[in-house]
Amino acid sequence: MNLSYTAWGKFEAVRAEIPNNLRTLCKLSPARLLSFAGHSRGRRGHFARPCTVVAQRNFSSASTMTVDLDSSTGIAVMKLHSPPVNSLSLDFLTEIAISLEKLEMNKGCRGVVVTSALPKIFSAGLDILEMYGKSPERCGEFWRAVQEMWLKFYSSRLVTVAAINGSSPAGGCLLSMTCDYRIMADNPRYSIGLNETQLGIVAPFWFKDTMVNTVGHRTAEIALQLGLLYSPQDALKIGMVDELVPEEKLVSTATEAMARWFAIPDHARQITKSAMRKPTIDKLLSARETDISNFVSFITKDSIQKSLKLYLENLRKKKA
Amino acid sequence: MNLSYTAWGKFEAVRAEIPNNLRTLCKLSPARLLSFAGHSRGRRGHFARPCTVVAQRNFSSASTMTVDLDSSTGIAVMKLHSPPVNSLSLDFLTEIAISLEKLEMNKGCRGVVVTSALPKIFSAGLDILEMYGKSPERCGEFWRAVQEMWLKFYSSRLVTVAAINGSSPAGGCLLSMTCDYRIMADNPRYSIGLNETQLGIVAPFWFKDTMVNTVGHRTAEIALQLGLLYSPQDALKIGMVDELVPEEKLVSTATEAMARWFAIPDHARQITKSAMRKPTIDKLLSARETDISNFVSFITKDSIQKSLKLYLENLRKKKA
Amino acid sequence: MNLSYTAWGKFEAVRAEIPNNLRTLCKLSPARLLSFAGHSRGRRGHFARPCTVVAQRNFSSASTMTVDLDSSTGIAVMKLHSPPVNSLSLDFLTEIAISLEKLEMNKGCRGVVVTSALPKIFSAGLDILEMYGKSPERCGEFWRAVQEMWLKFYSSRLVTVAAINGSSPAGGCLLSMTCDYRIMADNPRYSIGLNETQLGIVAPFWFKDTMVNTVGHRTAEIALQLGLLYSPQDALKIGMVDELVPEEKLVSTATEAMARWFAIPDHARQITKSAMRKPTIDKLLSARETDISNFVSFITKDSIQKSLKLYLENLRKKKA
């Protein structure tokens, strides 16, 4: 399903009328149904965790994520599952944004852990196929969805923790930087960073602003120009991630971190978060259309399309 | 005495006509009179230090601070003494601001060390009793005094050094962050930070701006949301304080630090300080009334009043 | 030659008609002619490096710099040579800015290493003789040239690497901070910093902005107020320089660093650089005339002129 942005408001209006638990539409696995059932047994049930499967929706042909809300803790876990590398396509971005929006509307949810269901990769970033050989209209639609994901996460009322269990270049790094807290698996094979310039493309100003807010002006300047990808250790050193743990402890550490955030009254934390981030968010909101047309005119240039073509061909050679 | 803000200008106008040395009104202790007398003996007098007691005033029933200016060095020491914990009430804030203003008008004064006369506490921050069960008018008056203290200190022509000899949460941390330099006693029992959210309240944008200017955006984001209180060692690590020393060396270290600042021609230092801080100051000045009404409408909310009530009850239980 | 700013545009217009290689006007040393000749032998010639001497011009009586462009690598090396200490006079500033502009117009050039041809000093900063006893008009002209140098370097399309092979106070520090990357000789006798206040003068807002962008707000606040000069080790610690190497490895390290920057497509790197720096540049551009008249009215004050006189006299005593 190719959900266009113009249809978004309408779509959500319809969704809003559907009771929350009915929205858990698609293909629940037996395990999932089990945990679903476990929900009613409360905190001491035999099942690992009392869980509501909020979403395991399916916009395209394959399931691209699971969102499990533990109603006893108020923590949802959003597991990205768009093989092979969680590339952020228009569909996937839309699904992510809608899933977050749904959690926001759920009063039982106070925080969300974002992680990957795929091995070795958190998210490979924006789907280059959405930028190569596409019409300007489609490119604009795609870019609006990238903006939307950023806007929703960066301003979320929820506590957002990224449990980065794999490499996280470009848009994957951006997604993690929108979160309140970042825990990364301490595996030197993984890397994270905004490496856009290495592909001959450019991180837009709000990627840049998010980066500056996270690691400071000078580190951002050098990292963005050189498109640097950092090892987990180096990412910790510059403040791009907040904590490193062995991969098997990622989710439990995320849950423990969440507890520290939950100790703070939500309204006070939310107003504070907004105070910190609103100027950056307002900057995009007031230049959103310009940003889209800038992106479209940049990405549809012959020279840029050639760069992307080259990059895609190299990718294919590597696979072959 | 409840000095209202509207009367402030008039009050100062009257004060301005009183010769400086006559303003050292109140209850001088014998020791103080001794040091006062010592002043005329010049730099080599037998008395520990040639001192002018600029202020040991008494707006309310008890003396809340001493301000001693060493005319041989140009350094004033402002010792906060509002038992039990130097809570910043409307009266106390007003006294602090007026004392600083007076030092600013004194050509013999180039710098001020702010410290506490009470054991274990620098300042417990804004007086919660000023925010609980008070009329909107009174709350507004209080908030204007908080703004005034911040404005005066953050823009002071004097070199301001905080000698933090005890814990310094919330408004206490803010006061120290307005200074040019912060030295803290290296006692792991002390802590410092803007912990407003832990009380269910929110640091306003100019607290936040001061914090960002001091420790950077990302550290401020996490510290403000979680209301983190740092040990002296951790405060040093994030740059919230500049130096740690054993408590008995605090004042001597502050004096030595002051010497480094005095080595710079005042006008060059002052213009530079203003260049660094003016944008932050102008931001509050241009939104001062809005900030007051935001505070008043927030703090007088039923839910916030309930939070404060709970907090005060817990405080009382602890004491009992 | 005293090239006034108003004549600049015309001067450049004339220059633009002269073929690039004819512009290598002046007094080529035999060694230089040799390397010049070596150019045509291509990458494997016997001569150390294939080089085009782009400029070894001579506005005043003595040669003040050499600019060698290695056409095989696209790297130019600009060696400042204005004895005794590379003071930035009006003439020297103008020459530096024009040399950079020329390299920018040269399609074969992708990056420039800025270094000193003098021992122990990178640049002593702005020439105080340009600020002492001069007419307001001349002061204004001088200041415009300082702005111009900063504007050209801070916004350069080229990769700019400062190879800081000596002390670099005030304007020397500013010049290095405009670069994309700073490598300093690890010699504890050298120092670097914006020490203007030590002379009783004040770094203007765009010096300050450059400093904040490089080392952050708090470090800049304290460094600028105290006019701190840092050892190479301390400069590395606060992020004022990016790397320290033994002095004999400075240029080779700069070349290696340049390679990392050249690995990125120029257009992507340039757009990213502009995104990072444009707000800071626009701030000066929109206040350029005000900044000039502020400088002129400040520097021509009696009190400031007295400070400068004192400083110059002390300098002369030291020499004698």
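In this text the structure is predicted, and so the values were computed from the model without any measurement.

Here we come to the overall build of chain A. Looking only at helices and strands, chain A has twelve helices and eleven strands in total. Taken across its 320 residues, chain A has 57% of its residues classed as buried. Long-range contacts, defined as pairs at least 24 residues apart, comprise 72% of the intrachain contacts of chain A with a sequence gap of at least 6. When the accessible surface of chain A is totalled, it reaches about 13,100 Å², and 57% of it is carbon and sulfur.

Glancing now at the packing of aromatic side chains. Tallied over the full model, the rule gives 21 aromatic pairs over all chains. Here Trp 143 of chain B and Phe 295 of chain B contribute two aromatic rings whose centre-to-centre distance is 3.8 Å and whose plane-to-plane angle is 10 degrees, an arrangement assigned as stacked. Taken together, the residues span a long stretch of sequence, with Trp 143 of chain B in helix H4 (residues 136–154) and Phe 295 of chain B in helix H11 (residues 288–299) at a distance of 152 residues. Using a relative accessible area of 3% as the deciding quantity, one classes Trp 143 of chain B as buried. Under the relative-accessibility criterion, Phe 295 of chain B is labelled buried at 9%. A connected cluster of aromatic rings, assembled from ring pairs, spans Trp 143, Trp 150, Tyr 154, Trp 206, Phe 207 and Phe 295 of chain A.

Once that is clear, we can look at the environment of Phe 142 of chain A. Residues and elements named next belong to chain A. Relative to the helices and strands, Phe 142 resides in helix H4 (residues 136–154). Here Phe 142 falls in the buried class, since its relative accessible area comes to 0%. Residues Phe 142 and Arg 110, 32 residues apart in the sequence, show an inter-C-alpha distance of 29 Å. Not counting the four nearest positions on each side in its chain, Phe 142 is found in contact with Leu 88, Ser 89, Leu 90, Leu 93, Leu 126, Asp 127, Glu 130, Met 131 and Phe 295.

Our next topic: the relation of the copies chain C and chain B. Rotating chain C by 120 degrees about the axis while translating it 0.0 Å along that axis superimposes it on chain B, leaving an RMSD of 0.0 Å. Taken together, the rotation and translation relating the two chain copies correspond to the operation of a three-fold axis. In terms of proximity to the rotation axis, the leading residue of chain C is Gly 216 of chain C, whose C-alpha is 4.3 Å off the axis.

Another point: the interface of chain B and chain A. At the interface, 17 residues of chain B touch 20 residues of chain A. Surface buried jointly by chain B and chain A totals about 1,700 Å² across both partners, of which 64% is contributed by carbon and sulfur atoms. Where chain B packs against chain A, one counts two salt bridges. Between Arg 218 of chain B and Asp 242 of chain A there is a salt bridge; the shortest N-O distance is 2.8 Å. In this assembly, chain B and chain A are joined by seven residue pairs in polar contact (both at pLDDT 80 or more). Breaking the side of chain B that touches chain A down by element, the ones donating at least two residues are helix H6 (205–215) and helix H7 (217–226) of chain B.

This part covers the interface of chain C and chain B. Each partner contributes to the interface: chain C provides 17 residues, whereas chain B provides 20 residues. Here chain C and chain B share an interface that buries about 1,700 Å² over both sides, 65% of which is from carbon and sulfur atoms. The largest share of the area that chain C buries against chain B comes from Arg 218, Gln 225 and Leu 226 of chain C, three residues that together contribute 40% of it. Summed over the shared surface of chain C and chain B, the number is two salt bridges. A salt bridge links Glu 221 of chain C to Arg 277 of chain B; the shortest N-O distance between them is 2.7 Å.

What follows is about the environment of Pro 119 of chain B. Residue and element names in this part refer to chain B. With respect to the secondary-structure elements, Pro 119 resides in the loop between strand E5 (111–116) and strand E6 (125–126). You can call Pro 119 exposed: its relative accessible area is 66%. For Pro 119 and Asn 165, which are 46 residues apart along the polypeptide, the C-alpha to C-alpha distance reads 7.7 Å.

Attention shifts here to the environment of Ala 162 of chain B. All names here are of chain B. Summarising the element assignment, Ala 162 is placed in strand E7 (residues 159–164). With eleven residues separating them along the chain, Ala 162 and Cys 173 place their C-alpha atoms 10.0 Å apart. Those residues in contact with Ala 162 that sit more than four places away from it in its chain are Val 114, Phe 122, Ser 176, Cys 179, Tyr 181, Arg 182 and Ile 183.

Owing to its 3.6 residues per turn, the α-helix brings residues three or four apart onto one side. Across its 13 residues, helix H9 (residues 250–262) of chain B extends 18 Å between first and last C-alpha, which sits within 8% of the 18 Å expected from 1.5 Å per residue. Leu 250, Thr 253, Ala 254, Ala 257, Met 258, Trp 261 and Phe 262 of chain B are the residues of H9 of chain B that are buried.

With that settled, the discussion passes to helix H7 (residues 217–226) of chain A. With nine of ten residues buried, H7 of chain A lies mostly within the body of the structure. Of the residues making up H7 of chain A, those classed as buried are His 217, Arg 218, Ala 220, Glu 221, Ile 222, Ala 223, Leu 224, Gln 225 and Leu 226 of chain A. Check the buried side of H7 of chain A and you find it contacts helix H6 (205–215) of chain A together with helix H4 (136–154), strand E9 (181–185), helix H6 (205–215), helix H9 (250–262) and helix H10 (266–285) of chain C. In the stretch just after H7 of chain A, Gly 227 of chain A is the one whose phi turns positive, near 55 degrees.

Cis rather than trans, the peptide bond between Pro 83 of chain A and Pro 84 of chain A has omega equal to 5 degrees. Even without a glycine there, the phi angle at Asn 86 of chain C is positive, about 50 degrees. Its location among the elements puts Asn 86 of chain C in the loop between strand E3 (75–80) and strand E4 (87–88). For Asn 86 of chain C, a relative accessible area of 0% corresponds to the buried category. Unusually for a residue other than glycine, Ala 170 of chain C sits at a positive phi of about 45 degrees. Locating Ala 170 of chain C in the fold gives a position in helix H5 (residues 170–177).

Definitions and limits used
Residues numbered from 1 in each chain as written. Chains lettered and ligands numbered in written order. Predicted model: local features only at pLDDT ≥ 70, side-chain atom pairs only at ≥ 80, totals over all residues. Heavy atoms only, no water. Helix = DSSP H or I, 4+ residues; strand = E, 2+ residues; numbered from the N terminus. Buried < 20%, exposed > 50% of the residue type's maximum accessible area, 1.4 Å probe, protein only. Contact = heavy atoms within 4.5 Å. Areas by Shrake-Rupley, 256 points an atom, 1.4 Å probe, with all protein chains shown as cover. Phe/Tyr/Trp six-rings, centres within 6.5 Å; stacked < 30°, edge-to-face > 60°. Least-squares fit on C-alpha atoms with pLDDT ≥ 70 in both. Buried area = accessible area lost by both parts, 1.4 Å probe. Salt bridge = Lys/Arg side-chain N within 4 Å of Asp/Glu carboxyl O. Polar contact = N/O pair within 3.5 Å; in protein donor to acceptor, adjacent residues only side chain to side chain. Expected span 1.5 Å × (residues − 1).

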